[in-house]
Structure formats: C-alpha cells, structure tokens
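The residues making up each chain are set out below.
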Amino acid sequence: MKNKTTFDTSTLEKRQLTVGFIPLTDCAPLIVAKHLGSFEKYGLEVTLSKETSWANIRDKVALGILDAAQMLATMPLAMTLGIGPVKKPTLTALVLDLNGNAVTISEALYRRLEKFDATAARERPLSAALLKRFIDDERAAGAKPLTFATVFPTATHTYELRYWLASAGIDPLHDIRIEVVPPSQMVARLAKGAIDGCCVGEPWNSMAVVQGVGHIAISGYEIWNNRTEKVLGVTEEWALQHPNTHQALMLALLEACQWLDEPDHRREAAALLAQGIHVGAPETVLRQSLIGQLRSDPSALPRRIDDFHVFHRYAANFPWQSHALWYLQQMVRWGDLDAGVDQPALAAACYRVDLYRNTAALLGITAPENDCKSEGLHNSSYTQAVNGVALTLGADCFIDHGVFTPATKMDKASG
C-alpha cells in the first residue's frame, strides 16, 4: 500500500485476535487484509472465524469469544439497546462497505407476477407497486400472505425490505410474513419454495439466479444509494481495554478497503473469496457482484450498477451518525424501539467518529468534518470542502424520493 504511518506496534495491548465474518461478498476487507499481510504490518496475528449466522456473531462478540467481527450496521445499536436476547454496549469506528444487498423473488413468485402483469414483472428494478396490486388481488381471493426472509430481526436488510415495500403502500407487518434465514441458506429456501422472496447480501442473490430459483427484483443501492451496510464491531468494554489494538485493526482494514476500491483488484478479490474457507461461491459470480453486474434471470443481460459495492470511495469508511439515526428511526417506525430513547446520544455512543478520525489521520485520509449529513438530496456524487481538500461523497437518494435530515423524521413513506 502507498500509505505510510509511524504506528508503534509495541503499544499493542493484545496481538492475537479472533475476528468473525459471514460468508458474503462484502467480507472482502477482512479476507484481503489477511491476504495482503496488513494485519501483520500492524503487529497483529489475526485468525478469521467463519460464522454461519449473525446471531452467532452477536453472541460470540458479546461473550468475548470473538475479539471483533464484521457486523451489520444496525447490530452495535441493537446490542447496546438490548433488542433481542443480548444487551451489551457495542460500537463501531469503521464502516467496511456501502450497499451490496438485493431483494430476490422466487421463480414461482416471478411466474405468478408475470401472469398477473407481464410488462411490469419484467421491469428492473421491479416496482413494489406491482407487488401491492398483486398482494391486494391475492388477499381478495383468500390466498395466504407471501413470505419473505431477511438475515436478522434488526438487520439493515429488514429495514431496506420494509422501506421498499412501504414506499408502495404495503404494510410489511401485516400484508406479508417476514422470517429470519442465515444468508448462505437463502438459495436453498427459495429452491424448496419455503419463501417467496428475500433480502440478502451478495453473492446469494446472484447464486439464486444462476441456479434458476430466483430473480433479482431490486438492489439495495436502488432503495437507498450508498447507505452503511457492514461495520467492524467491538464491545465498548473491549475497545476501552484495547485502544491501540483496536486502532491497529482499523488501520489494517482501512488499507484493505482502499485496495479493494482499485478496479484492477476486484478480480483478485473474487478469486480469494471463492475459496471454500471464505465464501466458497463460484469466482465468476463473485466477480460479477464485485463489479456491479446483476442478472435478473439467467437469460437477461446484466444490469450495471457501478456503486453496488463500495469499500472506500465516497468516505465510505466514515461512521456517519446520521446513518445510525436513520436506522434508529426505522426501529421506532416498525415497533422495535421505544420512541423515547435518546437517539442522538445513542448514535454518538455507537458510531465513534472520533476514533475513525484519529485513525484515518495516521494514513493521511481526509475525514468529513461533520458527524451527520442530510440524505436524499443528491442523485449523483458531489463534493464537500474539508480544510481545502475536495472530499467526494456519493449519491444518497431514496426509492420514494424522501429526504432525511438528522433530528427530523423522513418525509413521505417513512414518516
């Protein structure tokens, strides 16, 4: 890497770490940091632990079995709040990536939608308005509700899916069923007809298409451009006990994220992820995902979404507290969180912009000056001046054209 830092590895409180990950395309920063020797560069001996579910990640980090882990962006918030069986103050000071999810419908549901309205069924991204009309028609005929799956009760995917459905007037709490399925099991569940659709990270949407059991309806990027997806999560207790080790881990992963956003490196990353000890999906599928080529079905031409996976550009690694606040408001909206919680204080405690800025400065990386920003105002990349440096940020539009300003509620569908 080009970055040079004078980080003193003799200050590390702990050198041998176990870090968890889920087999997904966006576990790439962890795999790449190991491959490039970035962990060793900062004095760390890291064992990567492949986990089967987000519940495993949550529980093992809380118990101290894992020192740190790839986490859903919502997980530090939910763990700190005690939503679910675990209450443990948890934080992130490093975002690992933006975007990377999609909503996929089963082959059987696609055929039913095609019969219902062939023209609308073939449009991509698929409009949730078609599902609304179909659901209303099915209900009138006495059919049972559709079943969709997400990867964790309070996952980013859960709020993405609900937001998309609600944008067309579908009530995701009553008009459909939502169940939890680990990411790597989604394709099998679609194949068995156990679920009608899912919101999951890559490569499992593309694998469903390759195996002929699913059709990608819409990408997460098209629901909300460039939102925080996965983060490096540690408990607050661990971070306090190991501040220098934590910073070393962040430095290694920041360098890996920079490496991943060099276009020529995506092919090499796909080969690494394809190994069975990592994701274990076909290299061709992983490569298509990494370069943002999504096929809705095996015969369709791929749709190019250049920012489908963002690992570093657009200040991607900065833990925007406004993103945390958006997720918290979605938790309130859907009954997962009491509205009386001090959301700004919680966002500040869980999304540690101070720790990020200190670490980024060691690598000469410009960090945003503000902790929050408005969302939904930009349909393309734009720049902010930071101490005379032009910092490029990405598009931030929502599917329903809503605007989110921190400390206010969303306009339109998310209200």
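Located above this text is the structure these notes cover.
Keep in mind that this is a model prediction, so the values were computed, not measured.

Q: Explain the pairing of strand β8 (residues 197-201) here, please?
A: Regular strands place side chains that alternate from one sheet face to the opposite one. Most of β8 sits out of view: five of its five residues are buried. Residues Gly197, Cys199 and Gly201 of β8 are buried on one face, and the alternating residues Cys198 and Val200, pointing to the opposite face, are buried as well. One ladder, built from five bridges, connects strand β5 (residues 101-106) with β8; its direction is antiparallel. When the bridges of β8 are listed, asparagine 101 appears paired with glycine 201. In this structure, strand β6 (residues 147-150) lies alongside β8, joined through two bridges in parallel fashion. Of the residues in β8, the one forming a bridge with alanine 149 is cysteine 198.

Q: Teacher, can you tell me more about the pattern of salt bridges here?
A: Any two side chains of opposite charge can pair, so long as their charged atoms come close to each other. According to the stated counting rule, one finds 29 salt bridges in the structure shown. For lysine 14, the salt bridge goes to aspartate 67, with nearest N and O atoms at 2.6 Å. Of this pair, lysine 14 sits in the segment before β1 (16-21) while aspartate 67 sits in the loop between α3 (54-63) and β3 (68-72), placing them 53 residues apart in sequence. Under the relative-accessibility criterion, lysine 14 is labelled partly exposed at 30%. Taking the relative accessible area as the measure of exposure, aspartate 67 reaches 6% and is therefore buried. Members of the salt-bridge network, linked through shared partners, are Asp26, Glu160, Arg227, Glu229 and Lys230.

Q: Quick question: what am I supposed to make of the packing of helix α14 (residues 266-274) against helix α15 (residues 283-290) here?
A: Between two packed helices, what matters for the description is the angle formed by their axes and the separation of those axes. Here α14 crosses α15 at 135°, and the two axes come no closer than 8 Å. Considering the angle they form, α14 stands oblique to α15. Crossing of α14 over α15 shows right-handed handedness. Judged by residue contacts, Arg266, Arg267, Ala269, Ala270, Ala271, Leu273 and Ala274 of α14 engage Glu283, Leu286, Arg287 and Leu290 from α15.

Q: Sorry if this is basic, but what is going on with the nonpolar core here?
A: Within soluble globular proteins, side chains that are nonpolar generally end up buried alongside one another. If you look at the biggest cluster of nonpolar residues, it comprises 138 residues, and the most contacted ones within it are Phe39 and Trp164. Top contributing element to this core by residue count: helix α13 (residues 243-260), with 11 residues. Ignoring sequence-local partners within four residues, the contact set of phenylalanine 39 consists of Leu30, Ala33, Lys34, Leu44, Val46, Leu48, Leu249, Ala252 and Leu253. By size, the runner-up hydrophobic cluster in this structure holds eight residues, among which are Ile216, Tyr221, Leu294 and Ile305.

Q: Got a minute to help me understand the pairing of strand β4 (residues 90-99) in this structure?
A: The element β4 is extensively covered by neighbouring structure, given that 10 of its 10 residues are classed as buried. With seven bridges connecting them, β4 and strand β10 (residues 228-235) associate as antiparallel partners. Looking across to β10, one finds that leucine 94 is bridged to leucine 232. Pairing between β4 and strand β13 (residues 309-310): two bridges, direction antiparallel. Along β13, the bridge assignment pairs asparagine 99 with histidine 309.

Calculation notes
- Residues numbered from 1 in each chain as written.
- Predicted model: local features only at pLDDT ≥ 70, side-chain atom pairs only at ≥ 80, totals over all residues.
- Heavy atoms only, no water.
- Buried < 20%, exposed > 50% of the residue type's maximum accessible area, 1.4 Å probe, protein only.
- Helix = DSSP H or I, 4+ residues; strand = E, 2+ residues; numbered from the N terminus.
- Pairing = 2+ DSSP bridges.
- Salt bridge = Lys/Arg side-chain N within 4 Å of Asp/Glu carboxyl O.
- Axes fitted to C-alpha atoms, helices over the stretch in contact; angles between N-to-C directions.
- Parallel < 35°, antiparallel > 145°, perpendicular 65-115°, else oblique.
- Left-handed = near helix turned anticlockwise from the far one by under 90°.
- Contact = heavy atoms within 4.5 Å.
- Core = buried A, V, L, I, M, F, W, Y, C linked by side-chain atoms within 4.5 Å.

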